[in-house]
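Architecture at a glance
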Amino acid sequence: MGLAGLLSFNSSPVKLSLGALPAATAPPGSTAAPTTTTTTKPVSGGSTPPPTTAGAPTTTTTAVPTASRSATGAMTNYSFGILSVKVTVSGTKITNISIASIDDGGNPRSAYIDQASLPLLEQQALAAQSANIQGVSGASYTTAGFEQSLQSALSKLGL
Amino acid sequence: MSSETTTQQGWRRILHHDELVMGTVVTFDLYDDAEASSGLESMLLDAIRVLHEADRVFSTYQADSPISRLRRGEIDLDQCPAPVRDVLELCERARDITHGWFDPWSLAGGVDPTGYVKGWAAQRSLDVLRRSGVRGALVNAAGDTASFGGPLPGAPFRIGIVDPQQTQALACVVESPGAVATSGTYERGGHLIDPHTGRPASRAASATVTGPDLGLADALATALAVGGREVLPLVEGLDGFEGLLIDFDGDFEMTTGLRVAPAPKTIR
């Protein structure tokens with residue numbers, strides 16, 4: 001696996017955007033209010049982000065349609081199979097993230113892990129923003145594929 | 001409060017990277033007031049290399065790795081690369097400290113230091129980043145974290161602890177003194193083995209250990225999850241280390257020095 005190809009300097013605040021927004025699974029009326037949006041804009045362009053060093057934090061307030069739109073990211077390999085992520089945005093704000101499809105080849109062990117870890121990913125992202133935490137200790141297995149597919153979904157939406 | 005993107009207090013997350021290695025995902029988050037530089041980029045590559053090198057030496061899934069060859073008796077310890085001897089020495093120390101509750105020699109198929117290596121490698125990887133001068137760094141090796149500095153000046157990293165009964169939720173939040181390791185049967189469907197019986201066993205739903213070093217913290221968390229409350233005093237007696245047990249009813253038991261914040265309300 002090429003190391004450099006995976007590096008993304010300042011180019012992946014996609015992960016932050018996740019946390020900045022009410023997660024799909026947040027209960028109605030929860031305090032996960034859509035209070036903060038990230039000030040950086042995800043760099044579009046799929047798996048090979050440009051080697052930005054400045055990262056160009058871009059305000060996200062202008063010239064973007066505010067209607068609700070959805071896109072499903074590319075099928076992406078993760079540790080135990082293949083998955084794709086569906087994202088819904090309102091303007092530049094992510095309002096919903098879900099697993100659109102997942103195939104672990106029927107491996108019961110990986111199914112167990114998927115059940116445990118995929119919802120966790122959404123919650124982790126929410127927690128990181130709303131509770132001022134920077135990490136989660138415990139099981140987590142599939143973030144890379146999750147985030148890659150999410151990034152690809154976002155770039156389909158021009159975000 | 002938006003931590004990572006706040007700029008008025010000086011620092012922000014300047015770099016995030018996911019690396020697939022050691023059969024899992026290791027994430028890097030770097031915080032500073034300056035932009036990520038090319039010097040930092042090469043430092044990160046060095047840090048990542050540490051993980052892949054550890055994988056090459058210690059993977060029990062690769063038949064030709066030094067540890068696999070040692071396990072099969074094809075080579076002896078003297079013929080292994082130096083890190084193998086170092087890690088096995090550290091494992092021996094952890095075994096003594098935990099009164100045998102962490103014991104890589106008790107497993108079937110020969111010595112297996114896997115339970116120490118992930119934390120040890122993440123800690124060494126973090127130590128590479130320390131030399132970069134970056135203000136805060138957090139390496140998260142699939143749920144075991146090593147860090148220095150913090151997300152903001154004077155603020156330690158805050159780490160959520162997964163609720164063992166409902167793994168999409170958090171049970172509580174702890175401040176990282178450098179390392180936070182959590183072990184629990186929910187992780188991989190009961191991979192914890194009681195070294196005293198050789199059978200799968202666990203006396204706690206989840207065990208977390210914080211301390212200055214992730215290698216030992218990881219081993220202690222394993223010992224605590226397998227051995228339960230009787231291991232807690234052993235952790236208590238170690239300078240700089242604290243432990244938290246969550247039992248199968250969701251009740252907490254912890255060492256006296258550990259400060260635990262409630263899980264955020266926004267997390268179900």
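All residue numbers here refer to positions counted from 1 along the written sequence of the relevant chain. As a convention, the first chain written is A and the first ligand written is 1, with the rest following in written order. This being a predicted model, a pLDDT of at least 70 is required before a residue's local features are given, and a value of 80 or more before pairs of side-chain atoms are given or counted; all residues contribute to the totals for chains, interfaces and linings. Each side-chain value is derived from all of the structure's non-hydrogen atoms; neither hydrogens nor water enter the calculation.

Here we take up the pattern of salt bridges. All names here are of chain B. Salt bridges, as used here, are contacts in which a Lys or Arg side-chain nitrogen is within 4 Å of a carboxyl oxygen on Asp or Glu. One pass over the structure, following the stated rule, counts 14 salt bridges over all chains. Residue Arg135 is joined to Asp33 by a salt bridge in which the shortest nitrogen-to-oxygen separation is 3.1 Å. Here the residue Arg135 occupies a position in the loop between helix H4 (114-130) and strand E3 (136-141), and Asp33 occupies one in the loop between strand E2 (24-32) and helix H1 (38-58), the gap between them amounting to 102 residues. Burial classes follow relative accessibility: with a 1.4 Å probe on protein chains only, a residue under 20% of its type's maximum area counts as buried, one over 50% as exposed, and anything between as partly exposed. Asp33 gets classed as partly exposed once you look at its relative accessible area, which sits at 45%. Connected through salt bridges with shared partners, the residues Asp32, Asp33 and Arg135 form a single ionic network. By the criteria applied, helices consist of DSSP H or I runs no shorter than four residues and strands consist of E runs no shorter than two, each listed in order from the N terminus.

To continue, consider the environment of B:Gly136. Residue and element names in this part refer to chain B. Checked against the element boundaries, Gly136 lands in strand E3. A C-alpha to C-alpha distance of 9.4 Å links Gly136 and Arg12, two positions 124 residues apart in sequence. For this analysis, residues touch if any pair of their heavy atoms sits within 4.5 Å. With residues up to four places along the chain from it excluded, the contact list for Gly136 reads Asp29, Leu30, Tyr31, Phe148, Gly149, Gly150 and Phe157.

The next thing to look at is the confidence of the model for chain A. Low-pLDDT portions of the prediction should not be read for the details of their coordinates. Residue and element names in this part refer to chain A. Residues with a pLDDT of 70 or more make up 29% of chain A, whose mean pLDDT is 54. Values of pLDDT, the confidence the predictor places in each residue, fall between 0 and 100. The secondary-structure element of chain A with the lowest mean pLDDT is helix H2 (residues 14-20), recorded at 30, while strand E1 (residues 68-72) shows the highest, at 87. For the stretch residues 1-64, pLDDT sits under 50, and the model shows 127 contacts to residues farther than four places along the chain or on other chains.

All right, on to the packing of aromatic side chains then. All names here are of chain B. Between rings of Phe, Tyr and Trp, where Trp is taken as its six-membered ring, a pair exists when centres lie within 6.5 Å; planes separated by under 30 degrees are stacked, by over 60 edge-to-face, and by other angles tilted. Enumeration according to the criterion identifies three aromatic pairs over all chains in this entry. Ring centres of Phe58 and Trp120 lie 5.6 Å apart, and the angle between their planes is 75°; this geometry places the pair in the edge-to-face category. On the criterion of sequence distance, the pair formed by Phe58 in helix H1 and Trp120 in helix H4 is long-range, its members being 62 residues apart. Judged by relative accessible area, Phe58 falls into the buried class, the value being 5%. A relative accessible area of 10% places Trp120 in the buried class. Placement of a charge over a ring requires the Lys NZ or Arg CZ to be within 6 Å of the ring centre, with the centre-to-atom vector within 35 degrees of the ring normal. In this structure, Arg95 packs its charged tip against the face of Trp105, placed 4.6 Å from the ring centre.

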